[in-house]
Amino acid sequence: MTEIDTLIHGDSIEILKTFPGNFVHAIISDIPYGIGCGDWDILHSNTNSAYGGSSPAQVSGGGLFKRRGKPLNGWSQSDKNIPREYQSWCESWAGSWLRVLKPGGTCFIFAGRRYAHRCITALEDCGFTFRDMLSWEKNNAPHRAQRLSEIYRRRGDSQNAAKWEGWRVANLRPLFEPILWFQKPYRTGGTIADNVIDYGLGAWNESAMSKYNAHDDICSNIIRVAASQNDSGLHIAQKPLKLMELLISLVTLEGQIVLDPFMGSGTTCAAAKNLRRHYIGIDIEAQNIITAKERLSANFQYEIAK
Ligand SMILES: C[S@@+](CC[C@H](N)C(=O)[O-])C[C@H]1O[C@@H](n2cnc3c(N)ncnc32)[C@H](O)[C@@H]1O
């Protein structure tokens, strides 16, 4: 018997193999992006010494990119393998996710911009339908694009410093994050409208968008939900509670079950609880279970929807 309204400490890739099929109504997860945000986010075997380095960004970045290292330029084969290794990691759990979801159920995944395509390929190859890519617009984001002229100035190269004034290296300010929208194919021999009647899954609820989306076009696939003061301090990759509430209420009904296999501080579970959905959260780090339990400490009970 698989428990609901529960937080599980352990490796979700192994734990989900023991879950029954066609069990949860939605999987909503901010998965590791594979960019070295912490030890749990290193999903490759590259031992390039740029990782774990001591550049100013790594030292002053509050630990965020401690293990990310310098940008890799694809010099070595092990650099080039990183994206493929990320895809293999996604493939190691995608099949279980498809199995435990009910037909027509949604899977929303926060994936990093650099490797999101690998995640899409992994889930598509295992049988998910890739429906859309939402853009979550943030109100701010750290930006570390070095000025090229400064680099030359420090080298004493005034000629190139003048020539490259106004040019920068690295990325534009990363003000959006993709949210990948997948669906488990609805039952064979029926239409999506039949699936909605049979499983309560397959459609989306526009009132969720009108309640939470600050974009002028509330039904656009650009989502504007600003983080509040309470949306930080529990996890290095903490997501806004209201954003998770939007995603949950977009595709589920009260009483349905939402699973987050990479739950961190439990934001998805807290949002599910606020909206009277059942939740199951899994995380590999014990401290995250303690944090999430505190957020979810009040008891609640109601019927499971079909
Ligand atoms: C991006 S964070 C999620 C943060 C979350 N959105 C929040 O608001 O707190 C991903 C989480 O996945 C966890 N994790 C990584 N690998 C895991 C695994 N194999 N099984 C379970 N959890 C894992 C990490 O410990 C980390 O807390």
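Caption draft 1: Seen up close, unusual backbone geometry. Unusually for a residue other than glycine, Asn22 sits at a positive phi of about 50 degrees. With respect to the helices, strands and loops of the structure, Asn22 is situated in the loop between helix H1 (12–15) and strand S2 (24–30). Given 13 C-beta atoms within a 10 Å radius, Asn22 is considered partly exposed. Positive phi outside glycine occurs at Ala170, with the angle close to 75 degrees. One can find Ala170 in the loop between helix H6 (158–163) and strand S5 (176–183).

Caption draft 2: Fine view of the packing of helix H9 (residues 241–251) against helix H10 (residues 267–274). Viewed as axis vectors pointing N to C, H9 and H10 meet at an angle of 60 degrees, and their least axial separation amounts to 8 Å. Judged by the sense of rotation from one axis to the other, the crossing of H9 with H10 is right-handed. On the side of H9, the interface is formed by Leu241, Met244, Glu245 and Ile248, while H10 contributes Thr267, Thr268, Ala270, Ala271, Ala272 and Asn274. Taken together, the residues of the contact of H9 with H10 break down into 6 nonpolar, 3 polar and 1 charged.

Caption draft 3: Highlighting the site of the ligand. In the vicinity of the ligand lie 19 residues, with Asp30, His235, Phe262, Gly264 and Thr267 positioned nearest. Breaking the shell around the ligand down by element, the ones donating at least two residues are H1 and strand S8 (278–283). Partitioned by chemical class, the residues of the shell around the ligand number 7 nonpolar, 7 polar and 5 charged.

Caption draft 4: Local environment of the sheet that holds strand S7 (residues 257–260). An order of S1-S8-S7-S2-S3-S5-S4-S6 is seen for the 8 strands of this open sheet, with the pairing classed as mixed. The open sheet is flanked by strand S1 (6–9) and strand S6 (222–224), the only strands paired with a single partner. Shown here is a sheet whose adjacent strand axes are inclined to one another by a mean of 20 degrees, direction ignored. Bridging between strand S3 (residues 101–110) and S5 involves 5 bridges; their strand directions are antiparallel.

Caption draft 5: Structural detail: the environment of Asp125. If you trace the backbone, Asp125 turns up in helix H4 (residues 116–126). Among the residues examined, Asp125 registers 13 C-beta atoms within 10 Å and is labelled partly exposed. Through-space distance from the C-alpha of Asp125 to that of Gly95 is 9.4 Å; in sequence the pair is 30 residues apart.

Caption draft 6: How the structure looks around helix H3 (residues 77–100). In this model, H3 (24 residues) spans 36 Å end to end at C-alpha, consistent with the 34 Å of a helix rising 1.5 Å per residue. Of all the bends in H3, the greatest measures close to 35 degrees and is centred on Pro83. Residues of H3 that are buried make contact with H1, S2, S3, H4 and S7.

Caption draft 7: Region of the structure containing the nonpolar core. One finds Cys119 and Val258 to be the most contacted residues of the largest nonpolar core, which totals 58 residues. With near-sequence residues (within four places) excluded, Val258 lies in contact with Val24, His25, Ala26, Ile28, Ile248, Thr252, Thr268, Ala272, Arg277 and Tyr279.

Caption draft 8: Focus on the environment of Ser76. By the secondary structure assignment, Ser76 is in the loop between helix H2 (56–60) and H3. Given 11 C-beta atoms within a 10 Å radius, Ser76 is considered exposed.

What counts as what
- Residues numbered from 1 in each chain as written.
- Predicted model: local features only at pLDDT ≥ 70, side-chain atom pairs only at ≥ 80, totals over all residues.
- Helix = DSSP H or I, 4+ residues; strand = E, 2+ residues; numbered from the N terminus.
- Buried ≥ 20, exposed ≤ 12 C-beta atoms within 10 Å, placed from the backbone.
- Axes fitted to C-alpha atoms, helices over the stretch in contact; angles between N-to-C directions.
- Left-handed = near helix turned anticlockwise from the far one by under 90°.
- Contact = placed C-beta atoms within 7 Å.
- Nonpolar A, V, L, I, M, F, W, Y, C, P; charged D, E, K, R; others polar.
- Near = placed C-beta within 6 Å.
- Pairing = 2+ DSSP bridges.
- Expected span 1.5 Å × (residues − 1).
- Bend = angle between axes of the 7 residues up to and from the residue.
- Core = buried A, V, L, I, M, F, W, Y, C linked by C-beta atoms within 7 Å.

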